[in-house]
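In case you want the letters, here they are:
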Amino acid sequence: MSADDADAPGGDAAAEDLNIFLTRETVEGDADGPLSGRTVAVKDNISTEGVRTTCGSAMLEDYVPQYDATVVERLLDAGATVVGKTNMDEFGMGGTTETSAFGPTKNPVDPERVPGGSSGGSAAAVAAGEADLALGSDTGGSVRNPAAFCGIVGIKPTYGLVSRYGLVAYANSLEQIGPFGRTVEDAAALLDVIAGPDERDATTRYDAAESTPGASGAADVPDGVHPADATDYAAAADGDVDGTTIGVPTELVEGADDRVVDVFEDALADLEARGAETVEVSLPSVEHAVQAYYVIAMSEASSNLARFDGVRYGIEGGDGNWNESFAAAREEGFGDEVKRRVLLGTYALSAGYHDKYYKKAQDARAWVKRDFDEAFAEADVLATPTMPVLPPKRGESLDDPLSLYLMDANTVPVNLANLPAVSVPAGEAEGLPVGMQFVGPAFGEEAVIRAGSAVEG
Ligand code: GLN
């Protein structure tokens, strides 16, 4: 094989070079179904029976789950073939896939740049042609961010649409498993397979009261029916935005790089030419969203990661009293970003500081939700640039955690409000992909899928 062949997209050598997979293992689906013949790459924080699941952490380097996550069960039942477990920021904590204990993934569009994160391996697998589809998880943007940076489509479902059973928790109140595809229709077809109630995850129970009040883009389903059981998401990718009102939140456009804004505005103009109407909306609370998100995410993480002590899960901490042995396991098993977050989260929840940080963050979260409700009284969907910046070069952002956190400005408000969103490629700036995000009312997946598919032309 010549050096050129080794670099060709789609080859095994390409995948290794880009560091996309942590474990290469094929699991064939056992039935004919809507996904038969399709290959799916699975983020390494989603449990796969008999296949190593590391969460990108040295702590779980040898951990092999005894059961499949519900989403994995469903995609195998649908006839898909799993082709491997993908690299990720350690426990989902990051936005570039550089905090992985197993080295960074490279962006297939430009290998000097990051693929985004934390589901960077999954997005890169689809962008490089290593898989038709992929699963990621999105706590604060981890599906939409790498979709945007790799030039593919990613969907973050409404909280409660997709089962989290078997997803290794980072911040449970914020995260959802979400699909990647090269087209909106492909990603939506994977959503059709994984969405729906699961008796092993009580948050998938549908309560009509959770739908955004008065929003025209919300799911319109009979009483007692789960939206996933009454909706064909792939069929919603019909590109028809005639008569759709698209709200543009000024606060989430102003802060973005000019090159990103230019591409975003051209895409909006195209949608207007296809019969959509755009209106300005305001979300004043988003000014506090990044701070609130990080307080809540770190607080939940500090509690969720307590199980990695070398006794219940994780590498052994050796002899000594339990305190020393837990500390030794964590010192060795966790990377810097994970340690930082566990410490900050523990601090935010500690007696005396709980009201000052955690409670304030919860108040801000409620405010963000209210702002979105008001915006959906004026618009069917909202549109923003997915990421305010172009994909950075590797190494550029790691030394400055704060700059990394600020990259999440446009994605985290959606998780705080538990809403659905899609990121679709809107064009390029300097040869790099720019993603456009559509946000919908709760259980309004069809509306964001429809709008996203219109951007594809
Ligand atoms: N970048 C965000 C964080 O580090 C989002 C990560 C995610 O969605 N898993 O928390």
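Further up the page is the structure itself.
Residues numbered from 1 in each chain as written. Predicted model: local features only at pLDDT ≥ 70, side-chain atom pairs only at ≥ 80, totals over all residues. Heavy atoms only, no water.

Chemist: Where do I start with empty space enclosed by the protein in this structure?
Modeler: To find leftover empty space, one rolls a probe the size of a water molecule over the atoms. Enumeration according to the criterion identifies three cavities of 30 Å³ or more in this entry. What the largest cavity holds in volume is close to 100 Å³. Every residue lining the largest cavity is counted, 15 residues in all, and those nearest its centre are Gly-94, Gly-140, Ser-142, Tyr-293 and Asp-408. (1 Å grid on protein atoms, 1.4 Å probe; cavity = no way out; pocket = protein on both sides within 12 Å on 5 of 7 lines; lining within 4 Å. Points joined across faces, edges and corners; volume = space filled by probe spheres on them.)

Chemist: What is the right way to look at the environment of Leu-406 in this model?
Modeler: By the element assignment, Leu-406 lies in helix H13 (residues 401-406). Sequence separation between Leu-406 and Gln-291 is 115 residues, and the spatial gap between their C-alpha atoms is 9.2 Å. The residues contacting Leu-406, other than those within four sequence positions of it, are Val-290 and Pro-388. (Helix = DSSP H or I, 4+ residues; strand = E, 2+ residues; numbered from the N terminus. Contact = heavy atoms within 4.5 Å.)

Chemist: Teacher, can you tell me more about the sheet that holds strand E4 (residues 133-138) here?
Modeler: Sheet strands line up and pair through hydrogen bonds in the backbone, either parallel or antiparallel. Read from one edge to the other, the open sheet built from 11 strands follows the order E1-E3-E2-E4-E6-E5-E10-E11-E9-E7-E8, with strand pairing classed as mixed. The open sheet has two free edges, formed respectively by strand E1 (21-23) and strand E8 (277-281), since each of these has just one partner strand. Ignoring which end each strand starts from, the neighbouring axes of this sheet average 35° apart. Taken together, the two bridges between strand E5 (residues 153-156) and strand E6 (residues 176-181) define a ladder with antiparallel strand orientation. Looking across to E6, one finds that Gly-154 is bridged to Phe-180. (Pairing = 2+ DSSP bridges. Axes fitted to C-alpha atoms, helices over the stretch in contact; angles between N-to-C directions.)

Chemist: Where do I start with the site of the ligand in this structure?
Modeler: Near the ligand you find 14 residues, and of these Thr-139, Gly-140, Ser-142, Tyr-170 and Tyr-293 are the closest. A distance of 3.4 Å separates an oxygen atom of the ligand from a polar atom in the side chain of Tyr-294. Contact between the ligand and Asp-408: a nitrogen atom at 2.9 Å from a side-chain N or O atom of the residue. Considered on its own, the ligand offers 290 Å² of accessible surface; in the complex 98% of this is hidden by protein. Its atoms largely coinciding with the cavity grid, the ligand occupies the largest cavity. (Near = heavy atom within 4 Å. Polar contact = N/O pair within 3.5 Å; in protein donor to acceptor, adjacent residues only side chain to side chain. Areas by Shrake-Rupley, 256 points an atom, 1.4 Å probe, with all protein chains shown as cover. Sits in = over half its atoms within 2 Å of the grid points.)

Chemist: Where do I start with the nonpolar core in this structure?
Modeler: The tendency in soluble globular proteins is for nonpolar side chains to be buried side by side. In terms of nonpolar packing, the biggest core is built from 114 residues, with Phe-91, Met-436 and Phe-438 touching the most fellow members. Here this core takes 10 residues from helix H9 (residues 289-304), the largest share from any one element. Non-local contacts of Phe-438, meaning those with residues more than four positions away in its chain, are made with Leu-271, Val-381, Leu-382, Ala-383, Pro-420, Ala-421, Val-422, Val-424, Val-448, Ala-451, Gly-452 and Val-455. (Core = buried A, V, L, I, M, F, W, Y, C linked by side-chain atoms within 4.5 Å. Buried < 20%, exposed > 50% of the residue type's maximum accessible area, 1.4 Å probe, protein only.)

Chemist: For this particular structure, what's the right way to read the environment of Ser-142?
Modeler: Looking at the element boundaries, Ser-142 is found in the loop between E4 and helix H5 (144-150). A relative accessible area of 6% places Ser-142 in the buried class. Measuring from C-alpha to C-alpha, the distance between Ser-142 and Ile-177 comes to 9.7 Å, with 35 residues separating the pair along the chain. Leave out the neighbours within four places in its chain, and Ser-142 touches Lys-43, Gly-92, Gly-94, Gly-117, Ser-118, Ser-119, Ser-137 and Phe-180. A polar contact of 2.8 Å, which involves the side chain of Ser-142, links it to the side chain of Ser-118.

Chemist: How do you make sense of the packing of H9 against helix H12 (residues 355-375) when you look at a structure like this?
Modeler: Axes are the key here: two packed helices are described by the angle between their axes and the distance separating the axes. Remark: H9 packs on H12, axes separated minimally by 9 Å, with the N-to-C direction vectors making an angle of 125°. Relative to H12, the element H9 lies oblique. As H9 packs across H12, the resulting crossing turns out to be left-handed. Across the interface between the two elements, Ala-289, Ala-292, Val-295, Ile-296 and Ser-299 of H9 pack against Tyr-357, Tyr-358, Ala-361, Gln-362, Ala-364, Arg-365 and Val-368 of H12. (Parallel < 35°, antiparallel > 145°, perpendicular 65-115°, else oblique. Left-handed = near helix turned anticlockwise from the far one by under 90°.)

Chemist: Mind showing me how you'd approach the pattern of salt bridges here?
Modeler: Overall, the coordinates contain 18 salt bridges when judged by the stated rule. Among the salt bridges present, the one from Arg-113 reaches Asp-110, with a minimum N-O distance of 3.1 Å. Accessibility expressed as a relative area gives 18% for Arg-113, which makes it buried. Between Arg-182 and Asp-132 there is a salt bridge whose closest N-O contact spans 3.5 Å. With Arg-182 in the loop between E6 and helix H6 (184-194) and Asp-132 in the loop between helix H4 (120-127) and E4, this pair connects stretches of sequence that are 50 residues apart. One salt-bridge network, in which partners are shared between bridges, spans Arg-38, Asp-132, Arg-182 and Asp-186. (Salt bridge = Lys/Arg side-chain N within 4 Å of Asp/Glu carboxyl O.)

Chemist: Sorry if this is basic, but what is going on with unusual backbone geometry here?
Modeler: It is generally the case that most residues other than glycine have a negative phi and that most peptide bonds are trans. Omega for the peptide link from Gly-117 to Ser-118 comes to 10°, which places this bond in the cis form. Relative to the helices and strands, Ser-118 is located in the loop between strand E3 (81-86) and H4. Within the chain, Asn-19 stands out as a residue other than glycine whose phi angle is a positive 60°. Among the secondary structure elements, Asn-19 is positioned in the loop between helix H2 (12-18) and E1. Phi is positive for Glu-430, close to 50°, though the residue is something other than glycine. Examined against the element boundaries, Glu-430 turns out to sit in the loop between strand E10 (421-429) and strand E11 (432-439). Its relative accessible area of 60% is what places Glu-430 among the exposed residues.

Chemist: What is the right way to look at a negative patch on the surface in this model?
Modeler: Judged by side-chain charge, Asp-258, Asp-262, Glu-265, Asp-266 and Asp-270 come together as a negatively charged surface patch. Its place among the elements puts Glu-265 in helix H8 (residues 258-273). (Patch = residues over 30% accessible without salt bridge, like charges linked within 9 Å, V, L, I, M, F, W, Y side chains within 5 Å. Lys, Arg positive; Asp, Glu negative; His and termini not counted. Charge placed at Lys NZ, Arg CZ, Asp CG, Glu CD.)

Chemist: Explain the pairing of E11 to me, please; I cannot follow it from the model alone.
Modeler: Strand residues, when the strand is regular, have side chains that alternate between the two faces of the sheet. Most of E11 sits inside the fold, with eight of its eight residues counted as buried. Residues Leu-432, Val-434, Met-436 and Phe-438 point to one face of E11 and Pro-433, Gly-435, Gln-437 and Val-439 to the other, with burial holding for every one of them. Here strand E9 (residues 381-385) runs beside E11; their pairing, made up of four bridges, is antiparallel. Counted as the bridge partner of Ala-383 is Phe-438 from E11. Hairpin connection from E10 to E11: two residues lie between these consecutive antiparallel strands, with Glu-430 at a positive phi of about 50°.

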